[in-house]
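One letter stands for each residue in the lines below.
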Amino acid sequence: MADFLVNLSDYLPLSPLATHIGITCLVAQVTLTLIFNKRTRIVPNGPWTHLTAFTAHQVVALPLMIVLTYIGFKEWFFDPNKDEDGATATDRIFGYSNTNDIPLAIGTGAILLWDIPTGFISPPLRDPVMWAHHVGMFLVAATMNGLFCKHGNMIGYYYASYYFGVVELSSIFLAYVDVFHPKYKHYHKWLNAKHGSKKMMSATKIMNNLNEVARIFFALSFMVLRGVYFPYVSFRTAIPDLIKAYENPPDGVPMWTGYFLMGMISSFALLQAYWGLLIANQLKKVLFDGNDGKEKKK
């Protein structure tokens, strides 16, 4: 199996580890989709049997987000190498390398072989904005992983644990919250329905309360780590480091990769700040107006 993945990765813009992760996610997606399908009669009927591919996607996404967040926080905030005295911009952009980095492997393999294809087959996930976002993430991860460099030089690996790790904390909560969004009417109706069974009523009440808590944690973590900290890291350190390091890049590193990363990081930073403002405004309405921003009855 290992030899097969290595050989397969030769035909894909992915490392063997990224290929392994991507195929694992894809197999899990297909398996869970079949399990949730009402024709297989493996699980009882419910919203999951109406939104099979979407439900499977969320189940696969949750552990991935937890892994990314754990590794990201561990390496970004607690790795002593991050605070090396005398480290230069060139060191941070071209001096760090790990070809078996898990966040970058997920950022390339899982997105290319699982996330993007699932977005095509699952109607609830057919969002052009998210497609563009995921394609952009894949291209950034692939560029950082050295795909376009003659000698496979990794670019900006120092920042990989933040961009493909720390920021995913909010995605842990989103993986749960998104399931019960009103636009997914089957789940939303099921969660708020009056079930005949006391056991089911108790379960949905707990899930509803958990959903409200998760919404708050999602909003707070998104605003802090994406809406504020993302632009700070990007414009305060990452982009200045790229500008300085590309004054004299290593042999085999195309200049366009630097311009590309600066452009994409800037775009993502502005997008995160914009989404952060939207969430902040929505949170303000909830806190001061009540009822999810709706005007209070007099």
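Below or above, wherever it landed, is the structure these notes cover. (Residues numbered from 1 in each chain as written. Predicted model: local features only at pLDDT ≥ 70, side-chain atom pairs only at ≥ 80, totals over all residues. Heavy atoms only, no water.)

**Points about the environment of Leu125**
Relative to the helices and strands, Leu125 resides in the loop between helix H6 (102-121) and helix H7 (128-144). Owing to a relative accessible area of 16%, Leu125 belongs among the buried residues under this scheme. Through-space distance from the C-alpha of Leu125 to that of Gln282 is 23 Å; in sequence the pair is 157 residues apart. In this view, Leu125 contacts Phe54, His57, Thr118, Gly119 and Trp131; residues no more than four positions away in its chain are not counted. (Helix = DSSP H or I, 4+ residues; strand = E, 2+ residues; numbered from the N terminus. Buried < 20%, exposed > 50% of the residue type's maximum accessible area, 1.4 Å probe, protein only. Contact = heavy atoms within 4.5 Å.)

**Some words on the pattern of salt bridges**
With the rule as written, the count across this model stands at 4 salt bridges. For the salt bridge of Arg226 with Glu168, the shortest nitrogen-to-oxygen distance reads 3.3 Å. Residue Arg226 is found in helix H11 (residues 198-245), and its partner Glu168 is found in the loop between helix H8 (160-163) and helix H9 (169-177); the two are separated by 58 residues along the sequence. Each member of the pair, Arg226 as well as Glu168, carries the same accessibility label: buried. Salt-bridge contacts for Lys244 lead to Glu247; the nearest nitrogen and oxygen are separated by 3.5 Å. Residue Lys244 is classed as partly exposed on the basis of its relative accessible area, which comes to 48%. (Salt bridge = Lys/Arg side-chain N within 4 Å of Asp/Glu carboxyl O.)

**Examining the packing of helix H4 (residues 52-78) against H6**
Contact pair H4 / H6: the axes reach a minimum separation of 11 Å and the direction vectors enclose 170°. With respect to H6, the axis of H4 lies roughly antiparallel. Facing H4, whose interface residues are Ala53, His57, Val60, Ala61, Leu64, Val67, Leu68 and Ile71, H6 presents Ile102, Pro103, Ile106, Ala110, Trp114, Asp115 and Thr118. Considering only residue class, the contact of H4 with H6 consists of 12 nonpolar, 2 polar and 1 charged. (Axes fitted to C-alpha atoms, helices over the stretch in contact; angles between N-to-C directions. Parallel < 35°, antiparallel > 145°, perpendicular 65-115°, else oblique. Nonpolar A, V, L, I, M, F, W, Y, C, P; charged D, E, K, R; others polar.)

**Details of the packing of aromatic side chains**
What the rule picks out here adds up to 23 aromatic pairs. Arranged with centres 4.4 Å apart and planes meeting at 20°, the rings of Phe120 and Trp131 form a pair that is stacked. Within this pair, whereas Phe120 is found in helix H6, its partner Trp131 is found in helix H7, the two being separated by 11 residues in sequence. On the basis of relative accessibility, which here comes to 48%, the residue Phe120 falls in the partly exposed class. Classification of Trp131 by relative accessible area gives partly exposed; the value is 23%. (Phe/Tyr/Trp six-rings, centres within 6.5 Å; stacked < 30°, edge-to-face > 60°.)

**Examining the packing of helix H10 (residues 185-192) against H11**
Where H10 meets H11, the closest approach of the two axes is 8 Å, and the angle between their N-to-C directions is 115°. Every residue of H11 that contacts H10 at Trp190, Leu191 and Asn192 is listed here: Met200, Thr204, Met207, Asn208 and Asn211. In the contact of H10 with H11, the residues fall into 4 nonpolar, 4 polar and no charged.

In short, the description is geometric, and any link to function would need to be established separately.
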